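Coordinates in review
Given next are the chains, with one letter for each unit.
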Amino acid sequence: MTAETAPTTDEAADGGYAAARLRLLGDEERPGPARRGELARLTDAWLAGLLGEGPRPGRVALVAVGGYGRGELSPRSDLDLLLLHDGSASAKEIAALADRLWYPVWDLGIALDHSVRTLTEAHETAADDLKVHLGLLDARHIAGDGALTAELRTALLAQWRAQAPARLPELHELGRERARRHGELPFLLEPDLKEARGGLRDATALRAVAASWVADAPRQGLDAARETLLDVRDALHLATGRATDRLALQDQDQVAEALGMLDADALLRRVYEAARTISYASDVTWREVGRVLRARSARRRLRTILGTRSTRRPVTDERTPLAEGVVEQDGEVVLARTARPDRDPVLPLRAAAAAAQAGLPLALPAVHALAAADNPLPVPWPAEAREQFITLLGAGPDAVPVWEALEAAGLITRLLPDWERVRCRPQRNPVHRWTVDRHLVETAVRASALTRRVQRPDLLLVAALLHDIGKGWPGDHSVVGETIARDMAGRIGFPAEDAEVLGTLVRHHLLLVETATRRDLDDPAAVSHVAEAVGSPGALELLHALTEADALATGPAAWSGWRASLVADLVKRVAATLEEGGAPPRTGPPSPTVAAERLAVEAMRTGSPVLALHARPEPPLAEAAAGDRDEERGPEPVGVELVVALPDQPGVLPAVAGVLALHRLTVRSAELRAIDPTGQGQVLLLDWRVAAEYGSLPQAERLRADLVRALDGSLDIAGRLAEREAAYRRPRRSHPTPPPRVTVAPLGSRLATVIEVRAQDAPGLLHRIGRALDAAGAYVRSAHVSTLGANAVDAFYVTGPGGAPLPDAEAAALARDLERALAG
């Protein structure tokens, strides 16, 4: 707008407000905050002229409240006005003044939200109605007695701060109720820019929280996000000519064009990004409000108990370790004082995994510290990074807020650069509930509940996260996604054979449901086609679980009992085809290394346990056997090697596992076998990979001494673990983990019964399994234990007292008893 065409306050005062308003709204060179501010100033001048045209009865002031009070007038916004007076004039005089103000507004067809109150009435109404109080917090003087407006603002702010402990929870509940009614703005195809979660109402609520002095929202990007939503609403008002906040599908192209964006998808992505910023800021702020209010309440109770007048120290400063460099404090996950994000590139994933598994939020200072470190992971990722990433994905619904915290700080795209192409990308299929990126996360959440059904839960979780990754590129997203998934799998650190499986899962993630619902399953060609595409029983097992997780994460219309039964029938037929040429079952762990045999000889010679604890880059068992195991077990787990040899005796497995748990060592993988190194008797050889939960590794001699005591009965492992669990206040997860699953492998081994255990990894889990097997009288010939993320996938080769496999009935009973013991 040029100087010659710009509206002036004189024009407004002389009755040219309507024409000046039209010129301003038609000015395409000055959209956004400048136009909203100018429209507010223009309207101020016009209203001030209306108030000044006649006599004023007593002290009166015209006050803008709500959005108008903030100086944010969209083209079709209501005018929120308060006529404030001191009560000295008669009701008739005040009514006449109000008519002089309101009728010109109505005559122009402008929506008006008006009220007439004294100071006392304003205070009483604010006390009774939270929404009125919120609007008055943004009160701004337009005309009349400025001191009266100032008095109102001062008193209402003081009232708001004094009533914050009661009013803020009420305000929080209003926001939750809006979210239930209007949904989440970042994922809606036709979002309500104002009322949906992450919209303008939430941004206003954050201003109110800041005014209470209880907490303040994280400021990074918040103002820009709010301005984005206001700009979109302005364009929506001008495009439709209506005072609407709903961005309907038929209006999106026109709004995008008005804002200079490529298309409606680009518009929605901009809106989603802004809404996510506001949503995340709201989550952080309300969490802080809760923490502060709880602390204030606790201090008041403490003063009452102690009879003291004040206490400035917090009630508790307890910091509970969760992982190396990560602790829990006051219901949040924070970095340990000794943590060094600049020297520990795995720390972001370790902190995220610990937070998600504990069901706790990542504290904002921790997120900022991790983002500021800018310490990228090497490519391919080290084993620990991969394990922590899988642990994060396997945490179920508790992974979502942690993922969003990483996303808000830019850490996800730093870890996975390909993620940027699907971030905030809308899906215009009405079946889908989420954007592409959130759908991928939700699919991993659904897959976490199915991890007990598969041998490789790590591959299921990663496939779930990547199955639609191709939607960020042109072409068939399944075909494109296969290439991207293979590349990302290599980046994450999976070996080539696992990357191949992940690529197959992504390429064919729609195959089962499309074949089951569109083809005749009695046609051998249909079954052969699926079998040829999938390639192996293990991949079929994973694809079946992925298909269900994908459908459940899409929306209620994508999965049903009918579809599930069709897919299950197809999987059964394909499995039968694949098993005809399948590989023979494993018969137990492969042969030990020469170094392990030396330990076994020493244990036989001394008649007591011997062990070695050291880091070792190569696989712990013979190289020839490692290749055979990789397809089943996956990449080498994180940790250091612990080899234990001791004469064969009852209770070895629970004793060793219990000692490791007492020393806070996590078992990442384990092999147990009985060998006869000298021909004079059997020695049990345990080859384990262990990692410290936090802190440094214990000395080998301490481990050996405790193992000797555990075996002779002088160390009560179960009692010690129970005491520590009682004293160690672990956070309680808001969402339960999938229950353990214990089965008898139908074709496991000719020499032993194979008991397969799939459960959530936890301190002392292997000790509990060993105790249960011992209590049942089962002798463990060998064992194969692996921990994939937070999932334990174990196989125990057991026999009866006579050394023969268990009868079928006894084996089934043992599996049931063990499952009940682990679930209890």
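I will try to describe carefully the structure that is included in this document. These numbers were taken from a predicted model, which means no experiment stands behind them.

The next subject is the packing of aromatic side chains. Taken as a whole and judged by the stated rule, the model has 5 aromatic pairs. With a centroid separation of 5.1 Å and an interplanar angle of 90°, the aromatic rings of Tyr103 and Trp106 are classed as edge-to-face. Of this pair, Tyr103 and Trp106 both sit in helix H4 (residues 91-107), 3 residues apart, which is roughly one turn of that helix. Tyr103 sits in the partly exposed class, given a relative accessible area of 45%.

The next thing to look at is empty space enclosed by the protein. This model, assessed by the stated rule, comprises 4 cavities of 30 Å³ or more. Taken as a whole, the largest cavity holds about 50 Å³ of empty space. Leu611, Leu642, Val644, Val656, Val659, Leu660, Leu703 and Leu707 together form the lining of the largest cavity. Every element with two or more residues in the lining of the largest cavity is listed here: strand E9 (640-647), helix H28 (652-662) and helix H29 (700-712). The leading source of residues in the lining of the largest cavity is H28, at 3 residues.

A word on helix H11 (residues 249-258). Within the sequence span of H11, burial applies to Asp251, Gln252, Val255 and Ala256. Each buried residue of H11 lies within a common arc of 140° when the element is viewed along its axis, so the set occupies one face. Turned more than 90 degrees away from the buried face of H11, the exposed residues are Gln250, Asp253 and Glu257.

All chains considered together, the criterion is met by 50 salt bridges. A salt bridge links Arg70 to Glu72, with the shortest nitrogen-to-oxygen separation between them at 3.3 Å. Look at Glu72 and you get buried, because its relative accessible area is 11%. With a shortest N-O distance of 3.9 Å, Glu195 and Arg178 are connected by a salt bridge. Taken together, the residues span a long stretch of sequence, with Glu195 in the loop between helix H8 (164-182) and helix H9 (200-212) and Arg178 in helix H8 at a distance of 17 residues.

Burial of strand E6 (residues 326-329) is two-sided: the residues Val326 and Glu328 facing one way and the residues Val327 and Gln329 facing the other way are all buried. Summarising the sheet, strand E5 (residues 319-323) and E6 pair through 4 bridges and their orientation is antiparallel. What sits directly across from Arg319, in E6, is Gln329. Where E5 hands over to E6, the hairpin turn is made up of 2 residues, of which Gly325 adopts a positive phi near 80°. Here E6 runs beside strand E7 (residues 332-335); their pairing, made up of 4 bridges, is antiparallel. Looking at the pairing, Gln329 lines up with Glu332 of E7. Counting the residues that bridge the hairpin from E6 to E7 gives 2 residues, and of these Asp330 lies at a positive phi of roughly 55°.

With that settled, consider the side chain of Thr787. Checked against the element boundaries, Thr787 lands in strand E14 (residues 779-788). Within the local environment of Thr787, its side chain forms a polar contact with the backbone oxygen of Val667, the two atoms lying 2.8 Å apart. If sequence neighbours within four positions are ignored, Thr787 has contacts with Glu387, Val667, Arg668, Asp761 and Ala792.

Calculation criteria
- Residues numbered from 1 in each chain as written.
- Predicted model: local features only at pLDDT ≥ 70, side-chain atom pairs only at ≥ 80, totals over all residues.
- Heavy atoms only, no water.
- Phe/Tyr/Trp six-rings, centres within 6.5 Å; stacked < 30°, edge-to-face > 60°.
- Helix = DSSP H or I, 4+ residues; strand = E, 2+ residues; numbered from the N terminus.
- Buried < 20%, exposed > 50% of the residue type's maximum accessible area, 1.4 Å probe, protein only.
- 1 Å grid on protein atoms, 1.4 Å probe; cavity = no way out; pocket = protein on both sides within 12 Å on 5 of 7 lines; lining within 4 Å.
- Points joined across faces, edges and corners; volume = space filled by probe spheres on them.
- Arc of directions from axis to C-beta.
- Salt bridge = Lys/Arg side-chain N within 4 Å of Asp/Glu carboxyl O.
- Pairing = 2+ DSSP bridges.
- Polar contact = N/O pair within 3.5 Å; in protein donor to acceptor, adjacent residues only side chain to side chain.
- Contact = heavy atoms within 4.5 Å.

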